[in-house]
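Breakdown of the fold
One letter stands for each residue in the lines below.
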Amino acid sequence: MANKKILRVVTLSRHGTRAPFKAYPNGPEWRYQPTQLTEKGRMEHQELGRLLRQRYIHNYDFLNRMYSPAEIYVRSTNRARTIESARNQVGGLYPGLELGDIDIEALALKEDFLMISYNPTVCPNMEPIIDAHYERCKTLLSDHKVDLKLLSELSGIDENDLDLDQVTFIGDALACEKFEMGVMNSKFPKEMAEKVIYLWHYLHVIGYFENDEICRVASCPFFFDMLNRFKAAIYRHPRLVANKLALYLGHDATMVPILKILGHFNPLNVPYPASQLIFELSQHRDGQNYVEITFNNEILHIPEMGRRDFYLLEDFEEYLKGKLYQNDDKFCDACGANFPIAMF
C-alpha cells in the first residue's frame, strides 16, 4: 500500500438496474415507474460505494472519513435513475449519511456537454450523423430475420404494430428483466431474446458509436475534465479543480465511447447496470505520476499502449491527444467547444 501515493481519482459509472421504458402486455408486472431505479439498482450502487470506501479510506487513507463536498465532486446526467444511483453510491461510501445532504450537479440536457455531447440537442454537429444512423437501421428487422409472428405471440403486441421501435422496446424490457431477476425470461427462446436485446442496443447505443466522429465528440469533454483534475493535483493551480474524488454517473451511451477510445469496443457486450470505470492518478517511488485504469474491478489495459497495469501520465495524455484531436486548436466547430491542446 505504501508503494504509491494516490493524488486524484475519477470514476464513471452507469446507473443501476432500472425498470424498462415500456412494458409489453405479456411481460411481468413492474412495481416501478418506467426507467425508475429498482431496489436492486440502489443496492448495486451502495456496493460500489462500499468498495470505494474500502480502497480510498481504509486501504489508502486517501479520503476523509467524513463526507465533504469540497473533497468529493458528484456529477450526474439529469435523470432520476442516475441521480438516485449517485446518492446511493455516495451513501455506500459514507454509511449513515443522509442521502438528501449529498451535493450533486445535474445540468439540463441541452447544457450537459460533458456527459451527453453525442446528443443533437447538445451538439448540432451530431444531427446529420445520427439521422444517417437511423436511416441505416430501417432494415434491421429484415436483416436479422426477426420472427415477428412468434414475437407477437410471446409479447402480446399485435404483429402489425411490431415496427423497429416496438421490437427494440421489447428488447429493452427483456434486458431489464434479465438484470433485475438474474435470468433471461424463459418464455422467449434464448436466440430471439438475445437478438431483440442486441437490436435495442444497436439502435440506441452500439450503432451510434461505430462512428469514430461521434466517439470523439462524446468522449473528449470527459477526458479533458479528467486530465484537468489530474493536473490540479500536480501543479496546484488556483484555476484548476481541487476535489480529490470526482464521481460521474451516466448511461451505457456515456461509457461506450470512453471505452472505445481506450481500445475496448465490444458490440455484443454493452456495459451492464452499475458498471464502473476508475481512473486513478498516483505518484510512485520513482517520483513519476502514473494512471491506473480499472473497469468493473479489473485492470483495463490499453492495447495500443501495451499490457501494463499503469501508464505514465505524459504517455496517457499523448495517447488521448492522438485519439481526440483532428486539428491544432478546436475540438468541435459546430458546438463552439474549444479545448486547447495546451491543457493536455
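Residues numbered from 1 in each chain as written. Predicted model: local features only at pLDDT ≥ 70, side-chain atom pairs only at ≥ 80, totals over all residues. Heavy atoms only, no water.

**Re the packing of helix α9 (residues 212-235) against helix α10 (residues 252-261)**
Contact geometry for α9 and α10: axes closest at 8 Å, N-to-C directions at 95 degrees. Looking at the two axes, α9 sits roughly perpendicular to α10. On the side of α9, the interface is formed by D212, C215, A218, S219, F222 and F223, while α10 contributes P257, I258, K260 and I261. Partitioning the contact of α9 with α10 into residue classes produces seven nonpolar, one polar and two charged. (Axes fitted to C-alpha atoms, helices over the stretch in contact; angles between N-to-C directions. Helix = DSSP H or I, 4+ residues; strand = E, 2+ residues; numbered from the N terminus. Parallel < 35°, antiparallel > 145°, perpendicular 65-115°, else oblique. Contact = heavy atoms within 4.5 Å. Nonpolar A, V, L, I, M, F, W, Y, C, P; charged D, E, K, R; others polar.)

**What to know about the pairing of strand β4 (residues 276-284)**
Summarising burial for β4: eight of the nine residues are buried, a large majority. Two strands pair when backbone bridges link them, and strand β1 (residues 4-14) and β4 are joined in this way by nine bridges, in the antiparallel orientation. Counterpart to S13 in the pairing with β4 is Q276. Two strands pair when backbone bridges link them, and β4 and strand β5 (residues 289-295) are joined in this way by seven bridges, in the antiparallel orientation. (Buried < 20%, exposed > 50% of the residue type's maximum accessible area, 1.4 Å probe, protein only. Pairing = 2+ DSSP bridges.)

**Some remarks on α9**
Over its 24 residues, α9 runs 33 Å from end to end, which matches the ideal 34 Å to within 8%, given 1.5 Å per residue. Along its length, α9 reaches its greatest deviation from straightness, about 35 degrees, at S219, and the proline P221 lies no more than four positions downstream. For α9, the buried fraction is high: 21 of the 24 residues fall into the buried class. For α9, the N-terminal capping position is held by N211, with its side-chain oxygen 2.8 Å away from the main-chain nitrogen of E213. (Expected span 1.5 Å × (residues − 1). Bend = angle between axes of the 7 residues up to and from the residue. Polar contact = N/O pair within 3.5 Å; in protein donor to acceptor, adjacent residues only side chain to side chain.)

**Quick look at the confidence of the model for the protein chain**
When pLDDT is averaged across the protein chain, the result is 91; 92% of the residues are at 70 or more. Confidence drops under pLDDT 50 across residues 333-344; counting only partners more than four residues distant or on other chains, this segment forms 34 contacts. (pLDDT = per-residue confidence, 0-100.)

**Structural notes on the environment of L107**
In this fold, L107 is placed in the loop between α2 (80-93) and α3 (113-116). L107 sits in the partly exposed class, given a relative accessible area of 24%. Between the C-alpha atoms of L107 and N78, which are 29 residues apart in sequence, the distance is 6.0 Å. If we skip the residues at most four places from it in the chain, L107 touches R75, S76, N78 and D112.

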